[in-house]
Amino acid sequence: MTADELINLITECEKHVYSFCCNLTGNRIEADDLYQDTILKAVELRHRLDSSGNPKSYLMGISVKIWQNQKKKYAIRNNIIQMEELNENLMQGVYSFSNEPESEIIRKETINAVREGIKQLPEKMQTVLYMYYTAEMPVEEIAKALHIPKGTVKSRLHKGRKLIKEFLEVQDYGIS
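This one's a predicted model, so the numbers in the text were calculated from it and none came from an experiment.

Criteria and thresholds
- Residues numbered from 1 in each chain as written.
- Predicted model: local features only at pLDDT ≥ 70, side-chain atom pairs only at ≥ 80, totals over all residues.
- Heavy atoms only, no water.
- Core = buried A, V, L, I, M, F, W, Y, C linked by side-chain atoms within 4.5 Å.
- Buried < 20%, exposed > 50% of the residue type's maximum accessible area, 1.4 Å probe, protein only.
- Helix = DSSP H or I, 4+ residues; strand = E, 2+ residues; numbered from the N terminus.
- Contact = heavy atoms within 4.5 Å.
- Salt bridge = Lys/Arg side-chain N within 4 Å of Asp/Glu carboxyl O.

## Let's talk about the nonpolar core
Inference 1: Counting residues in each nonpolar core, the largest one holds 20 residues, and the members touching the most others are Leu-6, Leu-9, Val-17, Cys-21, Tyr-35, Leu-59 and Ile-62.
Inference 2: Of all the elements in the fold, those that place two or more residues in this core are α1 (3-25), α2 (28-44) and α3 (55-92).
Inference 3: Per element, the largest residue contribution to this core is seven residues, and it comes from α1.
Inference 4: Residue contacts for Ile-62: discarding those within four places in its chain leaves Thr-38, Lys-41, Ala-42 and Leu-45.

Below, the structure written as structure tokens:
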């Protein structure tokens, strides 16, 4: 597609694509950014665009991909920050801590061990665990967000928990 054809396409579809971006993001500020990113990506990929196909849906597909990538980046950043909270919450029930220095050291070591255990898991399991525990998303929402069946989410949660438990047992943290 030539530059002129792309300009015509963008002019024809701009309202639809912008409206779609607003629906995806839920607010105008993020929609503006997403729309601009979509147009920039369309300019980069104009050699792939075919005016005989459905270029409007192609532009919307670009928007979806960019939005998903932005959400992933945000979730990863957010999960890294919230990982401390996740581990703290998970570890509250592991030991009954007192104000003794030994208990605090054991608690911190256990939290670090859980972090290491999570890092050992495949990324797919890490993502599901993060979404379930840190974002507190139900299984159904995780399945929709990742475009996978609910059974797959449940399986990854179960297997992830089991692998973390095994990792902690090997590390001799006495988790049962």
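Don't stop here, the text continues.
## Focus on the pattern of salt bridges
Inference 1: Tallied over the entire structure, the rule returns two salt bridges.
Inference 2: For Glu-44, the salt bridge goes to Lys-41, with nearest N and O atoms at 3.4 Å. Within this pair, Glu-44 and its partner Lys-41 are both found in helix α2, separated by three residues, close to a single helical turn.
Inference 3: Looking at Glu-44, the relative accessible area reads 52%, which means it is exposed.
Inference 4: Overall, Lys-41 belongs to the partly exposed group, its relative accessible area being 33%.
Inference 5: Among the ionic pairs, Lys-119 bridges to Glu-116, the shortest N-O distance being 3.6 Å. Of this pair, Lys-119 and Glu-116 are both found in helix α4 (residues 101-120), three residues apart, which corresponds to roughly one turn of the helix.
Inference 6: Residue Lys-119 is classed as exposed on the basis of its relative accessible area, which comes to 55%.
Inference 7: The class for Glu-116 is partly exposed, based on a relative accessible area of 34%.

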